[in-house]
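Structural features, examined
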Amino acid sequence: MSTALGTMDDLPEDYRQDMAAAGVAPLWPMMRNVLPHGTPQPVTQSGSWQYQALRPLLLRAGELTPVEKAERRVLVLSDPGRGAGAMQATSSIYLGMQLLLPGETAPAHVHTPSAVRIMVEGQGAFTVVDGERLPMEPGDLVLTPGGEWHDHGHDGADPVVWLDALDLPLFVYLEGSYATEGPLQAQRNRPDASQVEYLAAGLAPSRGRSSARRYPMMRYPWERTEAALRAMAAYGDVAELDFVNPETGDDVLPTMGFTAMMLAAGEKVEPPIKSTSAAFHVVKGAGRSTVNGKVIEWSDKDTFTAPVFSEITHQAETEAFLIFVHDRPLQTKLGYYEERAR
Ligand code: 1HN
């Protein structure tokens, strides 16, 4: 049973002034702001961004701002609940669309937050992470874990765009976000690990397992993801696959998790309510989702978000492939990840 708590107005003016002068405040009038009953009350609101609206703005940024003046040429997808300019799309996830033009280089740096890139458009770009050159082809998922040096380059002929997701909001909240700049990295003369030691699911290098890197595979080529989803769908399984570390089977990054899903034309899914926040990116296909009653129509390359504890329904119109970013790894580590029947 909950009783109504006392308010600030219940307290005499002189006492309020004395408290403020002493640098203290009463908890009880503010208690429910920080501990609401039953479920959190998110500030975040569901957002949706159509790629066809973002693309011309990105290309214009390419004309207006040389990459040297930007370090990273990005348009940030701001949470509507926090307003334009908010450096976050959900409570824990930052999203931005990044443009790299042919011949450009985004300089090397290293920072505390982790990033993932989901490739949206264009061929020929690559990112170098800890000396490993990772090709970036549409649909590929490429990791840039916190603490790893990274720079981007582009040997192709057309503009390249990708979606960045970072756990930046957490690091900003913790006052732990900072970067160090450095020279472009020397690239090892060897394809990335997805093409060599982790070429096949279920196989990992026998010699040197004990010295495996913390992030052994940093590129997840789209064609394999799509093939695996199709095979699951063909045998009637729920076509949802988590991106995992091939050595440990754990989530690929400490705080953010990534899941690929396939929906058949006409298929409708109503996942349980989850304590996580999420960002959905449409690799290809068309359909509509509802997030807490808000209807979002989507097609190729669009992006939309859902706050924590959202009621989400997806309905595909055509066959569709989505990748979603979520904060389940963080919530699991903190011990409060939860699913509720709807
Ligand atoms: C960053 O390092 C990149 O490396 C992109 O491409 C977006 C947003 C905030 C902080 C660092 C990148 C970023 C970022």
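A brief report on the enclosed structure follows. (Residues numbered from 1 in each chain as written. Predicted model: local features only at pLDDT ≥ 70, side-chain atom pairs only at ≥ 80, totals over all residues. Heavy atoms only, no water.)

With that settled, the discussion passes to unusual backbone geometry. Residues other than glycine seldom take positive phi values, yet Asp130 does so here, at roughly 50 degrees. Looking at the secondary structure, you find Asp130 in the loop between β6 (125-129) and β7 (132-136). Note on Asp130: relative accessible area 35%, which makes it partly exposed. Positive phi, normally seen in glycine, also occurs at Glu175, with a value near 55 degrees. (Helix = DSSP H or I, 4+ residues; strand = E, 2+ residues; numbered from the N terminus. Buried < 20%, exposed > 50% of the residue type's maximum accessible area, 1.4 Å probe, protein only.)

For the rest of this paragraph, the subject is the site of the ligand. Neighbouring the ligand are Arg72, Tyr94, Gln98, His109, His111, Arg117, His150, His152, Asp164, Leu166 and Leu168. Between an oxygen atom of the ligand and a side-chain N or O atom of Gln98, the distance comes to 3.0 Å. The contact in question runs from an oxygen atom of the ligand to an N or O atom on the side chain of Arg117, over 3.1 Å. Notes on the ligand: free accessible area 330 Å², of which the protein chains cover 86%. Those elements that place two or more of their residues in the shell around the ligand are β3 (94-100), β4 (105-111), β9 (150-154) and β10 (160-166). For the shell around the ligand, the per-class residue count stands at 3 nonpolar, 5 polar and 3 charged. (Near = heavy atom within 4 Å. Polar contact = N/O pair within 3.5 Å; in protein donor to acceptor, adjacent residues only side chain to side chain. Areas by Shrake-Rupley, 256 points an atom, 1.4 Å probe, with all protein chains shown as cover. Nonpolar A, V, L, I, M, F, W, Y, C, P; charged D, E, K, R; others polar.)

Per the stated rule, a full pass over the model turns up 20 salt bridges. Here Arg55 ties to Glu121 by a salt bridge, and the two come within 2.7 Å at their closest N and O atoms. Taken together, the positions of Arg55 in helix α3 (residues 51-64) and Glu121 in strand β5 (residues 115-121) put the pair 66 residues apart, joining distant regions of the chain. Glu121 sits in the buried class, given a relative accessible area of 17%. The shortest N-O distance in the salt bridge between Glu270 and Arg342 comes to 3.9 Å. With Glu270 in the loop between β15 (268-269) and β16 (273-274) and Arg342 in the segment after β23 (339-340), the pair connects residues that are 72 residues apart, well separated along the chain. (Salt bridge = Lys/Arg side-chain N within 4 Å of Asp/Glu carboxyl O.)

What follows deals with the pairing of strand β22 (residues 320-326). Extensive coverage of β22 is indicated by the burial of 7 of its 7 residues. Alternating residues of β22 divide into Ala320, Leu322, Phe324 and His326 and Phe321, Ile323 and Val325, and every residue in both groups is buried. Alignment of strand β14 (residues 257-263) against β22, held across 7 bridges, turns out to be antiparallel. Bridge pairing in β22 places Met261 opposite Leu322. Pairing of strand β17 (residues 278-284) with β22, which is carried by 6 bridges, proceeds in the antiparallel orientation. From the neighbouring strand, Ala279 faces β22, where its bridge partner is Val325. (Pairing = 2+ DSSP bridges.)

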